[in-house]
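Chain residues, written in single-letter form:
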Amino acid sequence: MRDESMFEAVRAQLSQAVPYAVHTGVEILEVESGGARARLAEQPYTLNHVGSQHAGALFTLAEAASGAAMVGAFLPRMATMRPLAASASIDYLAIARGPIEATARIDGDVPSLLEALDKDARIRFPVTVELADETGRAVARMTVDWHIKSLAEAA
């Protein structure tokens, strides 16, 4: 139960942590160890010139979900590290209409990543994000490479 309340507190905080994501309307729905879900409602300001969700809004949604998955995995140690998104690539698969949900998952074993961080004071790993519309149809896929550096090593 303690983990669930910690993840809920993180979810609530992350929903307000990045001003641009808040401006775009990204809502973090769920955070767990190594995974997360986020949602983007369709609003007039998230649309492009053809009336579908704008590519930049979808990118913002996916990046926010990847960050939530990363935080969920490293939650007990977040105060001792500096995470940065190092790179990202996105494939737009279909026209995105209506609300879009992003599901993010760390590629790899979290305990092994923690071991590597302890050993090398820095790690880099991918988070895969699947974006789907209300019907479950895939509209985009993104990979974000996160770089984490131990603050003890950075000092």
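This one's a predicted model, so the numbers in the text were calculated from it and none came from an experiment. (Residues numbered from 1 in each chain as written. Predicted model: local features only at pLDDT ≥ 70, side-chain atom pairs only at ≥ 80, totals over all residues. Heavy atoms only, no water.)

Caption draft 1: Representation of the overall build of the protein in the model. When its secondary structure is counted, the protein shows five helices and six strands. In sequence order, the secondary structure elements of the protein are arranged as α-α-β-β-α-β-β-α-β-β-α. Within the protein, the fraction of its 155 residues that count as buried is 39%. Looking at the protein alone, contacts between residues at least 24 apart form 67% of all its contacts between residues at least 6 apart. Surface summary for the protein: the accessible area is close to 8,100 Å², and the carbon and sulfur share equals 54%. (Helix = DSSP H or I, 4+ residues; strand = E, 2+ residues; numbered from the N terminus. Buried < 20%, exposed > 50% of the residue type's maximum accessible area, 1.4 Å probe, protein only. Contact = heavy atoms within 4.5 Å. Areas by Shrake-Rupley, 256 points an atom, 1.4 Å probe, with all protein chains shown as cover.)

Caption draft 2: Looking closely at unusual backbone geometry. In the Ramachandran plot, A121 falls in the positive-phi region, its phi being about 65 degrees despite a non-glycine side chain. For A121, the position within the fold is in the loop between helix 4 (110-120) and strand 5 (122-132).

Caption draft 3: Inspection of the sheet that holds strand 2 (residues 35-40) at higher detail. An order of 1-2-4-5-6-3 is seen for the six strands of this open sheet, with the pairing classed as antiparallel. Two strands in the sheet have a free side with no partner beyond their single neighbour: strand 1 (26-32) and strand 3 (81-92). The average angle at which neighbouring strand axes cross in this sheet is 20 degrees, direction not considered. The strands touched by helix 4 within the sheet are strand 3, strand 4 (100-106), strand 5 and strand 6 (138-150), with strand 5 carrying the most contacts at an inclination of about 150 degrees. (Pairing = 2+ DSSP bridges. Axes fitted to C-alpha atoms, helices over the stretch in contact; angles between N-to-C directions.)

Caption draft 4: Structural view of the pattern of salt bridges. Tallied over the entire structure, the rule returns seven salt bridges. We note a salt bridge from R37 to E101, for which the minimum N-O separation is 2.7 Å. Of this pair, R37 sits in strand 2 while E101 is found in strand 4, placing the two residues 64 residues apart along the sequence. The partner of D118 in a salt bridge is R77, with the nearest N and O atoms 2.3 Å apart. Highlighted residues: D118 in helix 4 and R77 in the loop between helix 3 (55-74) and strand 3, separated in sequence by 41 residues. A relative accessible area of 53% places D118 in the exposed class. Here the residues in one salt-bridge network are E30, R37 and E101, joined through shared partners. (Salt bridge = Lys/Arg side-chain N within 4 Å of Asp/Glu carboxyl O.)

Caption draft 5: Up close: the pairing of strand 1. Bridging between strand 1 and strand 2 involves six bridges; their strand directions are antiparallel. What sits directly across from I28, in strand 2, is A38. Between the end of strand 1 and the start of strand 2, which pair antiparallel, lie two residues, with G34 showing a positive phi angle near 85 degrees.

Caption draft 6: The arrangement of the nonpolar core in detail. The biggest cluster of nonpolar side chains holds 41 residues, and the ones touching the most others in it are F74, F125, V129 and L131. Among the elements that line this core, the one with the most residues is helix 3, at twelve residues. (Core = buried A, V, L, I, M, F, W, Y, C linked by side-chain atoms within 4.5 Å.)

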